[in-house]
Amino acid sequence: MVLSPEQEWTLVACGLVAHADGILEIGEWDQVLWMLDERLPASEADAWLALLANKAALQVRLGELPLPPPFFAETILERAWRMALADGRGSEEEQWVHDDLAARLGVDAEQNRTWRGLWREQARRRAEAVAAFAAMLANADGTADSGERAEYDDLMARLAVDDARRAELAALIDAPPGLDEVVGRLAALTPEERGIAMVTLVPIVRSSFGGAAERDMFFALAERVAISRADAQRMLDR
């Protein structure tokens with residue numbers, strides 16, 4: 001599979017933003033590759049993961065890339081800013097890199113700042129859905145074991161919400177919401193955001209000492225929010 005110019009731009013932009021503050025959230029690369037194209041062959045995915053980990057190589061690649069058509073600029077910048085919010089914040093350094101990418105793509109700085117505000121709110125809504133389902137997953141077999149609690153705490157630390165709300169969401173692991181509420185929150189997201197939310201939850205499924213109940217719940221919720229079982233299985237297998 002040969003990537004299109006806008007797909008290459010997306011990967012390079014995501015990588016450069018992720019490197020901006022020197023703190024790499026390596027686990028988030030799976031989200032980038034998933035939202036780009038879940039059919040990306042493993043060999044190509046591995047090559048891109050190696051490139052994404054190399055800041056100098058990414059800067060060289062950026063200089064080589066032709067500009068994509070203007071109507072792709074917003075999508076590229078949105079996906080790049082999602083990387084900045086992988087740790088729940090979005091640092092000044094990441095904003096500077098993001099603004100530079102916007103300028104290269106011909107996007108006005110004020111427009112880019114406006115978009116970032118909208119994308120931060122979108123990330124907050126996704127965070128609420130992720131926390132609710134993560135709490136359900138951790139308790140799928142009737143109890144949240146130590147591995148699930150550790151993954152849940154790590155996930156809560158990276159959500160794009162303020163500290164007060166983060167503390168409230170952290171408490172959900174001891175009082176998880178019902179399935180219908182979680183379905184409603186996920187269904188309210190865009191299809192791409194739903195996919196990213198589900199990919200974010202994979203570590204919770206994998207962390208269980210048993211895993212069968214968590215996997216069954218993961219598949220059941222995926223089906224209810226219009227994600228096929230095949231796609232859900234690919235998420236778990238990545």
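Above: the structure in question.
The structure contained in this document is the topic of the report that follows. Since we're looking at a predicted model, the values are computed, not measured.

**Some points on empty space enclosed by the protein**
The final tally for this structure, using the stated rule, is four cavities of 30 Å³ or more. Its boundaries defined by the atoms lining it, the second largest cavity holds a volume of some 60 Å³. Lining the second largest cavity are Glu78, Trp81, Arg82, Leu85, Trp119, Gln122, Ala123, Arg126 and Glu193. For the lining of the second largest cavity, the secondary structure elements donating two or more residues are α5 (73–84) and α7 (109–138).

**Quick word on helix α13 (residues 212–224)**
Look at α13: 19 Å from first C-alpha to last across 13 residues, which is about the 18 Å you get at 1.5 Å a residue. Burial in α13 covers these residues: Glu214, Met217, Phe218, Phe219, Leu221 and Ala222. Next to the buried residues of α13 lie α7, α8 (146–157), α10 (179–187), α11 (191–200), α12 (202–207) and α14 (229–237). Just downstream of α13, Ala226 is the residue with a positive phi angle, here 65°.

**Quick look at the packing of α7 against α13**
Interaxial distance between α7 and α13 falls to 9 Å at its minimum, and their mutual angle equals 145°. On α13, the residues touching Phe133, Met136 and Leu137 of α7 are Glu214, Met217, Phe218 and Leu221. Here the contact of α7 with α13 is built from residues that sort into six nonpolar, no polar and one charged.

**With respect to the pattern of salt bridges**
Tallied over the full model, the rule gives 21 salt bridges. Its salt-bridge partner being Arg116, residue Asp99 comes within 2.8 Å of it at the nearest N-O pair. Here Arg116 lies in helix α7 and Asp99 lies in helix α6 (residues 92–104), a separation of 17 residues in the sequence. With its nearest N and O atoms 2.6 Å apart, the salt bridge here joins Glu121 to Arg124. Note that Glu121 and Arg124 are positioned in helix α7 at a spacing of three residues, about one turn of the helix. Residue class for Arg124 comes out partly exposed when judged on its relative accessible area of 32%. Each of Glu121, Arg124, Arg125, Glu128, Arg165, Glu168, Glu181 and Arg185 takes part in salt bridges that share partners, so that together they form one network.

**Focus: the nonpolar core**
Membership of the largest hydrophobic core comes to 41 residues, with the highest contact counts inside it found for Phe133, Tyr152, Leu159, Leu186, Met198, Leu201 and Phe218. Sorting the residues of this core by element identifies α7, α8, α10, α11, α12, α13 and α14 as the ones contributing at least two each. At eleven residues, the largest contribution of residues to this core is made by α7. Filtering out sequence-adjacent residues up to four positions away, Met198 remains in contact with Phe133, Leu186, Phe218, Leu221, Ala222, Ile227 and Met235. Formed by 31 residues, the second largest nonpolar core is a distinct cluster that contains Cys14, Leu51, Leu77 and Ala123.

**Digging into the side chain of Glu148**
With respect to the helices, strands and loops of the structure, Glu148 is situated in helix α8. A distance of 2.8 Å separates a polar side-chain atom of Glu148 from the backbone nitrogen of Asp145.

Basis of the calculations
Residues numbered from 1 in each chain as written. Predicted model: local features only at pLDDT ≥ 70, side-chain atom pairs only at ≥ 80, totals over all residues. Heavy atoms only, no water. 1 Å grid on protein atoms, 1.4 Å probe; cavity = no way out; pocket = protein on both sides within 12 Å on 5 of 7 lines; lining within 4 Å. Points joined across faces, edges and corners; volume = space filled by probe spheres on them. Helix = DSSP H or I, 4+ residues; strand = E, 2+ residues; numbered from the N terminus. Expected span 1.5 Å × (residues − 1). Buried < 20%, exposed > 50% of the residue type's maximum accessible area, 1.4 Å probe, protein only. Contact = heavy atoms within 4.5 Å. Axes fitted to C-alpha atoms, helices over the stretch in contact; angles between N-to-C directions. Nonpolar A, V, L, I, M, F, W, Y, C, P; charged D, E, K, R; others polar. Salt bridge = Lys/Arg side-chain N within 4 Å of Asp/Glu carboxyl O. Core = buried A, V, L, I, M, F, W, Y, C linked by side-chain atoms within 4.5 Å. Polar contact = N/O pair within 3.5 Å; in protein donor to acceptor, adjacent residues only side chain to side chain.

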